[in-house]
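# Coordinate inspection notes
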Amino acid sequence: MQPTGVFISFEGIDGAGKSSHIQALSEAFRQQGREVVQTREPGGTALAEKLRDIVLHDAMDPLCEALLVFAARRDHLLQVIEPALAKGQVVLCDRFTDATFAYQGGGRGFDTRVLAQLETWVQARPDKSIRQPDITLWFSLDPHIAAQRLATARVPDRFESQPLVFFEQVHNAYADRVKADPERFAIIAADATIDKVRQSVWQALAQRGYLPTNAL
Ligand SMILES: Nc1ncnc2c1ncn2[C@@H]1O[C@H](COP(=O)(O)OP(=O)(O)O)[C@@H](O)[C@H]1O
Ligand SMILES: [Mg+2]
């Protein structure tokens, strides 16, 4: 029998540690005999990656930014995420709509009612339900610590180069998203060693029955 598809998103401010865990998790799911699609937003298709490049490097007003991010998301959902879930695969997505509420809403101060409207259009499914991740791992980290991690790690893009206050707003907007839909989120305390964080991630997925409990 074909397994049920699982949609897992990874959220948190830049430097919180999301990317450090996605590859290992892909392998863990494959060892369980699952097919895995590892992807990211904005991006994940040829068109969406072009839009990502524009969003990360060109100056624009917040509505343009929101529209481009949601346009990329629509293409990604139709071309990659929905087909993978329909085939019973595990989708590991580095950022999804919570990031739009956090960065464009919290960070840029853009009207979250507009974002909510775009969310219902872009994530609408043929049966009229709204596609959301089955579980979202929120890597919660003090922006000061994230900034220290990034200072030596990589050349900052248009978001990563924002001041600390921006990331405090992003962090708070993530916390608001968790409050609005607590069951979907697992909060990962990201201020710990990579190994400890890995254990928390595994535990969150095992608790919901997506991975076995014995391999911690
Ligand atoms: N738990 C951790 N403790 C210390 N450094 C970490 C931890 N997790 C990730 N890092 C480092 O912090 C930087 C940002 O991690 P990354 O996974 O790229 O974060 P994100 O994808 O959330 O922006 C990388 O240099 C990474 O090696
Ligand atoms: Mg990353």
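Residues numbered from 1 in each chain as written. Chains lettered and ligands numbered in written order. Predicted model: local features only at pLDDT ≥ 70, side-chain atom pairs only at ≥ 80, totals over all residues. Heavy atoms only, no water.

Next up on the list: helix 1 (residues 18-31). Its 14 residues give helix 1 an end-to-end C-alpha distance of 21 Å, which sits within 8% of 20 Å, the value for a rise of 1.5 Å per residue. The set of residues buried in helix 1 consists of Lys18, His21, Ile22, Leu25, Ser26, Ala28 and Phe29. At the exit of helix 1 stands glycine 33, carrying a positive phi of roughly 85°. (Helix = DSSP H or I, 4+ residues; strand = E, 2+ residues; numbered from the N terminus. Expected span 1.5 Å × (residues − 1). Buried < 20%, exposed > 50% of the residue type's maximum accessible area, 1.4 Å probe, protein only.)

So, about the pattern of salt bridges. With the rule as written, the count across this model stands at 14 salt bridges. Measuring nitrogen to oxygen at the nearest pair gives 2.8 Å for the salt bridge that ties glutamate 82 to arginine 131. Of this pair, glutamate 82 sits in helix 3 (residues 62-86) while arginine 131 sits in the loop between helix 5 (112-122) and strand 4 (135-140); the two residues are 49 residues apart in sequence, bridging distant segments of the chain. Linking aspartate 176 and lysine 179 is a salt bridge whose minimum nitrogen-to-oxygen distance equals 3.7 Å. Taken together, the residues aspartate 176 and lysine 179, both in helix 7 (residues 164-180) and 3 residues apart, mark about one turn of the helix. Taking the relative accessible area as the measure of exposure, aspartate 176 reaches 45% and is therefore partly exposed. (Salt bridge = Lys/Arg side-chain N within 4 Å of Asp/Glu carboxyl O.)

So, about the pairing of strand 1 (residues 6-11). Most of strand 1 sits inside the fold, with 6 of its 6 residues counted as buried. Across the two faces of strand 1 the burial is the same, with Val6, Ile8 and Phe10 and Phe7, Ser9 and Glu11 all buried. Bridge analysis of strand 1 against strand 4 gives 4 bridges, and the strand direction is parallel. Paired with isoleucine 8 across the two strands is isoleucine 135, which belongs to strand 4. (Pairing = 2+ DSSP bridges.)

Close to ligand 1 lie 14 residues; Gly15, Lys18, Ser20, Arg154 and Ala192 are nearest. Relative to its free-state accessible area of 560 Å², ligand 1 is covered by the protein chains to the extent of 75%. Taking a 2 Å distance to the grid points as the criterion, the majority of the atoms of ligand 1 fall inside the largest pocket. The set of elements that each furnish at least two residues to the shell around ligand 1 consists of helix 1 and helix 6 (143-153). No other element matches the 3 residues that helix 1 contributes to the shell around ligand 1. Broken down by class, the residue content of the shell around ligand 1 amounts to 5 nonpolar, 5 polar and 4 charged. (Near = heavy atom within 4 Å. Areas by Shrake-Rupley, 256 points an atom, 1.4 Å probe, with all protein chains shown as cover. 1 Å grid on protein atoms, 1.4 Å probe; cavity = no way out; pocket = protein on both sides within 12 Å on 5 of 7 lines; lining within 4 Å. Sits in = over half its atoms within 2 Å of the grid points. Nonpolar A, V, L, I, M, F, W, Y, C, P; charged D, E, K, R; others polar.)

Here we come to the nonpolar core. Ranked by internal contacts, the top residues of the largest apolar core, which has 42 residues, are Ile8, Phe29, Leu92, Tyr103, Leu137 and Phe139. If near-sequence neighbours (up to four positions away) are discounted, leucine 92 is found in contact with Ile8, Phe10, Ile22, Leu25, Ser26, Phe29, Val36, Val37, Gln38 and Thr39. Val80, Phe101, Phe110 and Leu118 belong to the second-largest nonpolar core, a separate cluster that totals 17 residues. (Core = buried A, V, L, I, M, F, W, Y, C linked by side-chain atoms within 4.5 Å. Contact = heavy atoms within 4.5 Å.)

Attention shifts here to helix 6. All buried positions along helix 6 are accounted for by Pro143, Ala146 and Leu150. Take helix 6 and look down its axis: the buried residues cluster within an arc of 55°, on one side only. Among the exposed residues of helix 6, those oriented more than 90 degrees off its buried face are Gln148, Ala151 and Thr152. For helix 6, the elements touching its buried residues are helix 7. Backbone nitrogen of histidine 144 and a side-chain oxygen of the N-cap are separated by 2.8 Å at the start of helix 6; the cap is aspartate 142. (Arc of directions from axis to C-beta. Polar contact = N/O pair within 3.5 Å; in protein donor to acceptor, adjacent residues only side chain to side chain.)

Empty space among the atoms becomes apparent when a probe as large as a water molecule is rolled across them. A volume near 690 Å³ is recorded for the largest pocket. In terms of lining, the largest pocket is formed by 39 residues, of which the most central are Asp14, Lys18, Ser19, Arg95 and Arg154. Secondary structure elements with two or more residues in the lining of the largest pocket: helix 1, strand 2 (36-40), helix 2 (46-57), helix 3, helix 4 (97-107), helix 6 and helix 8 (194-207). Considering only residue class, the lining of the largest pocket consists of 17 nonpolar, 10 polar and 12 charged. Size it by volume and the second largest pocket reaches roughly 180 Å³. (Points joined across faces, edges and corners; volume = space filled by probe spheres on them.)

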